Amino acid sequence: MSKTWRPATQLVHGGTLRSQYSETSEAIYLTQGFVYDSAEAAEARFKGETEGYIYARYGSPTNDMFEKRMCAMEGAEEARATASGMAAVAAAILCQVKAGDHIVAARALFGSCRWVVETLAPKYGIECTLVDGRHLENWEKAIRPNTKVFFLESPTNPTLEVVDIAGVAKLANQVGAKVVVDNVFATPIFQKPLELGAHIVVYSATKHIDGQGRSLGGVILSDREWVTEHLQDYYRHTGPAMSPFTAWTLLKGLETLPLRVKQQTENAGKIADFLAEQKQVAKVIYPGRKDHPQADIVASQMKGGSTLVAIELKGGKEAAFALQNALEIVKISNNLGDAKSLITHPATTTHKNLTDEARAELGISPGTVRLSAGIEDTDDLIEDFAQALSKIKA
């Protein structure tokens, strides 16, 4: 595989393995186990003396292709595919901490991510401190002698805050901690956390990588040493492995990822600009706009905006529900990154388990809705929002 290939080419050809039949599309190897030529060959394989597959829970040819293609795109040495995005998040964090260790995490996290660090980890004696991740001094103040992991999303879900990844990585390196970045909202097209100094990147492949509402999946990417030392045994023995059929589906998704993200981002930007001028809208947050609170950091670490838009309506929950119910093209769903435009009300869906105070800290008001722009015609989407907003009192 050529290292000079650009992203669009890597995502079509990277990591491809072909059988003796020279198929055009990657083959699906739906097998749990593999046969060895001899007892001696089996022993050598298990000892790691010879290369090859042992059991589908550890790896398979189809999963291998997906992992290698993601590595080529991300600039990582190793990857492990998981059954869901949350399996990837939990594995990436828990595989490298033990009782007595400490995690520092940005408070602006997807609800399930926050549960892992705030509720699950402490059950095993792992401490966690949540900080306002927008300001580096908060990360620095939270560091303890036992701090081992920094965890963040950027942009965040759902209010699209941006964290200075390079700055956080510099602090982590000073104390020997590892930075785990959930890069879902930026996608690998617009942001490369490893290039910014992060140590581990996770994705819910359910989102943009599949992008067509078909599969659950996740992936963890890092350097070979970290995967070997921390992740490999956790992965093998706890079993979060991805199905080969899912890996094949995601390989097909990667082929069109740049095309979809480009159109989604163009739509998101134009919708954000339209909504910012509407009398029913109190605020629009979009990383591609100059009025984003951290526009300077966006410019320094992202190559594009986002496919997501955060919208705050003046009329609170009543207006948010009315808008969702009046939209015709845009569908109500808590998923994101899909080819179809989707909208959700975080306070009653993805972040409903947080307290009112916690939601307020994150900037999630009763009037906040999150739009995931799809690939539909831009003018049709804007017209859909216009007709829906016309039914809401200013």
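All of these numbers come straight from a predicted model, not from anything done at the bench.

K.L.:
How do you make sense of the overall build of the protein chain when you look at a structure like this?
P.N.:
Of the regular secondary structure elements, the protein chain holds 15 helices and 12 strands. The C-alpha atoms of the protein chain give a radius of gyration of 22 Å, which matches the 21 Å a tight globule of 394 residues would have. Principal axes of the C-alpha set define a box for the protein chain whose edges measure 75 × 55 × 35 Å. Contacts spanning at least 24 positions in sequence make up 73% of the contacts within the protein chain whose residues lie at least 6 apart. With the model as given, the accessible surface of the protein chain reaches about 17,100 Å², and the carbon-plus-sulfur share is 51%. Between the mean site of the 42 positive side-chain charges and the mean site of the 47 negative ones, the protein chain shows a separation of 2 Å.

K.L.:
In this structure, what is going on with the UniProt feature "modified residue: N6-(pyridoxal phosphate)lysine" (unreviewed entry) in the protein chain? I would like to understand it.
P.N.:
With numbering matched to this structure, UniProt assigns "modified residue: N6-(pyridoxal phosphate)lysine" (unreviewed entry) to Lys 207. By relative accessible area, which is 17% here, Lys 207 ends up buried. Other than its neighbours up to four places away in sequence, Lys 207 contacts Val 184, Asn 335, Leu 336 and Gly 337.

K.L.:
Would you mind going over the pairing of strand 7 (residues 218-222) with me for this structure?
P.N.:
Put simply, side chains in a regular strand alternate between the two faces of the sheet. Across the five residues that make up strand 7, a large majority, five, are buried. Here strand 7 shows a buried face lined by Gly 218, Ile 220 and Ser 222 and a second buried face lined by Val 219 and Leu 221. As defined by bridge partners, strand 1 (residues 78-82) adjoins strand 7 across five bridges and the pair is classed as antiparallel. From the neighbouring strand, Arg 80 faces strand 7, where its bridge partner is Ile 220.

K.L.:
I keep staring at the sheet that holds strand 8 (residues 281-285) and nothing clicks. Help me out?
P.N.:
The pairing of strands in a sheet happens through backbone hydrogen bonds and is either parallel or antiparallel. Spatial strand order, 8-9-12-11-10: five strands in an open sheet with mixed pairing. Edge strands, defined here as strands with exactly one partner in the open sheet, are strand 8 and strand 10 (331-332). In terms of strand pairing, strand 8 meets strand 9 (residues 308-313) through four bridges, oriented antiparallel. What sits directly across from Lys 283, in strand 9, is Glu 312. Packing of helix 13 (residues 316-326) onto the sheet brings it into contact with strand 9, strand 10, strand 11 (342-344) and strand 12 (368-372), and relative to strand 9 it is tilted by some 130°.

K.L.:
What should I look at first to understand the sheet that holds strand 5 (residues 178-182) in this one?
P.N.:
Strand order in the open sheet made by the seven strands is 1-7-6-5-4-2-3, with mixed pairing throughout. The strands lining the two open edges of the sheet, one partner per strand, are strand 1 and strand 3 (127-131). When the angles between neighbouring strand axes are averaged without regard to direction, this sheet yields 20°. Where helix 7 (residues 165-175) meets the sheet, its contacts fall on strand 4 (147-153) and strand 5, and the angle it forms with strand 4 comes to roughly 175°.

K.L.:
How do you make sense of the nonpolar core when you look at a structure like this?
P.N.:
Most often, soluble globular proteins have nonpolar side chains that are buried together. Within the largest apolar cluster, 32 residues are counted, with the highest numbers of intra-cluster contacts made by Phe 66, Met 70, Tyr 203, Ile 209 and Leu 221. Of all elements in the fold, only helix 3 (61-74), strand 1, helix 8 (187-190), strand 6 (200-204), strand 7, helix 11 (244-276) and strand 9 reach the threshold of two or more residues within this core. Ranked by residue count, the leading element in this core is helix 11, at six residues. By size, the runner-up hydrophobic cluster in this structure holds 28 residues, among which are Val 89, Val 202, Ile 220 and Ala 241.

K.L.:
Just to check I follow, could you spell out the pattern of salt bridges for this structure?
P.N.:
Between side chains of opposite charge, a pair can form as their charged atoms come close. One pass over the structure, following the stated rule, counts 20 salt bridges. For the salt bridge of Asp 356 with Arg 359, the shortest nitrogen-to-oxygen distance reads 2.5 Å. One end of the pair is Asp 356 and the other is Arg 359, both in helix 14 (residues 356-362) and three residues apart, which spans about a single turn. Judged by relative accessible area, Asp 356 falls into the exposed class, the value being 55%. According to the relative accessible area criterion, Arg 359 is buried, its value standing at 11%. Connected via shared salt-bridge partners are Arg 107, Asp 132, Arg 134, Glu 161 and Glu 361.

K.L.:
Sorry, what's going on with the domain arrangement of the protein chain here?
P.N.:
How big an interface is tends to be stated in terms of accessible area lost as the parts join. We note that the domain assignment places domain 1 (12-24 + 56-253) and domain 2 (257-391) within the protein chain. In this structure, domain 1 and domain 2 have C-alpha centres spaced 25 Å apart. On the domain 2 side, the residues contacting the 37 residues of domain 1 number 38 residues. Taken over both partners, the interface formed by domain 1 and domain 2 buries close to 3,100 Å², and the fraction arising from carbon and sulfur atoms is 62%. Summed over the three residues of domain 1 that lose the most area to domain 2, namely Leu 160, Phe 190 and His 208, the buried surface amounts to 23% of that side. Here domain 1 and domain 2 share one salt bridge between them. Residue Glu 361 is joined to Arg 107 by a salt bridge in which the shortest nitrogen-to-oxygen separation is 4.0 Å. Where domain 1 packs against domain 2, one counts 19 residue pairs in polar contact (both at pLDDT 80 or more). At the level of elements, helix 5 (111-123), helix 7, helix 8 and helix 9 (206-210) are the ones that each hand at least two residues to the side of domain 1 that touches domain 2. Here the side of domain 1 that touches domain 2 gets five residues from one element, more than from any other, and that element is helix 9.

Definitions and limits used
Residues numbered from 1 in each chain as written. Predicted model: local features only at pLDDT ≥ 70, side-chain atom pairs only at ≥ 80, totals over all residues. Heavy atoms only, no water. Helix = DSSP H or I, 4+ residues; strand = E, 2+ residues; numbered from the N terminus. Rg over C-alpha atoms; globule rule 2.2 N^0.38 Å. Contact = heavy atoms within 4.5 Å. Areas by Shrake-Rupley, 256 points an atom, 1.4 Å probe, with all protein chains shown as cover. Lys, Arg positive; Asp, Glu negative; His and termini not counted. Charge placed at Lys NZ, Arg CZ, Asp CG, Glu CD. UniProt positions renumbered as here; feature names shortened; annotations may be inferred. Buried < 20%, exposed > 50% of the residue type's maximum accessible area, 1.4 Å probe, protein only. Pairing = 2+ DSSP bridges. Axes fitted to C-alpha atoms, helices over the stretch in contact; angles between N-to-C directions. Core = buried A, V, L, I, M, F, W, Y, C linked by side-chain atoms within 4.5 Å. Salt bridge = Lys/Arg side-chain N within 4 Å of Asp/Glu carboxyl O. Domains from an automatic or database assignment. Buried area = accessible area lost by both parts, 1.4 Å probe. Polar contact = N/O pair within 3.5 Å; in protein donor to acceptor, adjacent residues only side chain to side chain.

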